[in-house]
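Here's the letter readout for the chains.
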Amino acid sequence: MTEKRTMKRAPKDMVGLQLRFRETLRQRLQVAAQESGNSMNGEIGERLARSLDDDIVYGTRRNRELFAEANAQMAHAERATGKSWTDDLETFWAARDLVLEAFERSAPKAKNYDEIVSAQIELARVRKERANILAELKKLGAVRPSRRDDPSEIDISDRPYEKTPLARFEDADAEAQMDGALADILWSELADIESDLAVAKAELGRAEAHSRAARERGRAIAATISGSSETEDG
């Protein structure tokens, strides 16, 4: 049995390959070759080399998809303003935010993703129930924003409220007395829901703790890399 010997080739040796592809692709290659002034063979060789180089520059297929999405978002911003993001600050900031949103959508899911979603849903439910109770109390004129807290430091959906003076509920008018009784019931329900709100917030905070820690560690790594780059540039 004759052993098949493999010839060692030098990096610059020319080799022949038999390629098979669809006619539509051949036509596209022919047009590209004519536009670039290459032979068909030269065009194929250049494009293969460029593709392999791009693997080094752009990395994985997912990286390529993200770069393509970023390019599409920059194009969206430029169409909206009619200007280039490299020349116009307004377009730059629009493109920047769209690209960041695209990048964040690509974030890997946390290991406890389902737990986080469940906690978010529960918090949203409690907030909605609290908002409904507050709406009823506002109709009765039995509630006002608390003056003891700084609203600027509080999530507007969780802003604290306090009772308004209930003198009008204490007169002899039967309807007013009924309103007062209803207000007392709603205030009791609000106290319960405020407790549920605190629990829901704490549960979400606990569920998101790992993700927050990962974010902080990632930012610390980025700061270290950035600092090292600045030192090298300096």
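Source: prediction; values computed, not measured.

**Brief notes about the layout of surface pockets**
- Size it by volume and the largest pocket reaches roughly 650 Å³.
- Breaking the lining of the largest pocket down by element, the ones donating at least two residues are helix H4 (89-105), helix H5 (113-139) and helix H7 (209-233).
- Here the lining of the largest pocket gets 5 residues from one element, more than from any other, and that element is H7.
- Roughly 310 Å³ of internal volume is contained in the second largest pocket.
- Taken together, the residues of the lining of the second largest pocket sort by class into 8 nonpolar, 3 polar and 1 charged.

**So, the pattern of salt bridges**
- Per the stated rule, a full pass over the model turns up 18 salt bridges.
- The residue Lys-83 makes a salt bridge to Asp-88 at a minimum N-O spacing of 3.9 Å.
- Residue class for Lys-83 comes out partly exposed when judged on its relative accessible area of 46%.
- Between Lys-201 and Asp-158 there is a salt bridge, and its shortest N-O distance comes to 2.8 Å. On the criterion of sequence distance, the pair formed by Lys-201 in helix H6 (residues 174-207) and Asp-158 in the loop between strand S1 (143-145) and strand S2 (161-163) is long-range, its members being 43 residues apart.
- For Asp-158, a relative accessible area of 7% puts it in the buried group.
- Put simply, Arg-61, Arg-62 and Glu-65 are held in one network by salt bridges that share partners.

**Remarks on the packing of aromatic side chains**
- On inspection of all chains with the given rule, the structure shows 2 aromatic pairs.
- Summarising the aromatic geometry, the rings of Phe-92 and Trp-93 are spaced 5.1 Å apart at their centres and angled 80° between planes, so their arrangement reads as edge-to-face.
- An aromatic cluster of at least three residues, connected via ring pairs, comprises Trp-85, Phe-92 and Trp-93.
- Positioned over the ring face of Tyr-113 is Lys-109, at 4.5 Å from the centre of the ring.

Reading the values: the criteria
- Residues numbered from 1 in each chain as written.
- Predicted model: local features only at pLDDT ≥ 70, side-chain atom pairs only at ≥ 80, totals over all residues.
- Heavy atoms only, no water.
- 1 Å grid on protein atoms, 1.4 Å probe; cavity = no way out; pocket = protein on both sides within 12 Å on 5 of 7 lines; lining within 4 Å.
- Points joined across faces, edges and corners; volume = space filled by probe spheres on them.
- Helix = DSSP H or I, 4+ residues; strand = E, 2+ residues; numbered from the N terminus.
- Nonpolar A, V, L, I, M, F, W, Y, C, P; charged D, E, K, R; others polar.
- Salt bridge = Lys/Arg side-chain N within 4 Å of Asp/Glu carboxyl O.
- Buried < 20%, exposed > 50% of the residue type's maximum accessible area, 1.4 Å probe, protein only.
- Phe/Tyr/Trp six-rings, centres within 6.5 Å; stacked < 30°, edge-to-face > 60°.
- Lys NZ or Arg CZ within 6 Å of the ring centre and 35° of its normal.

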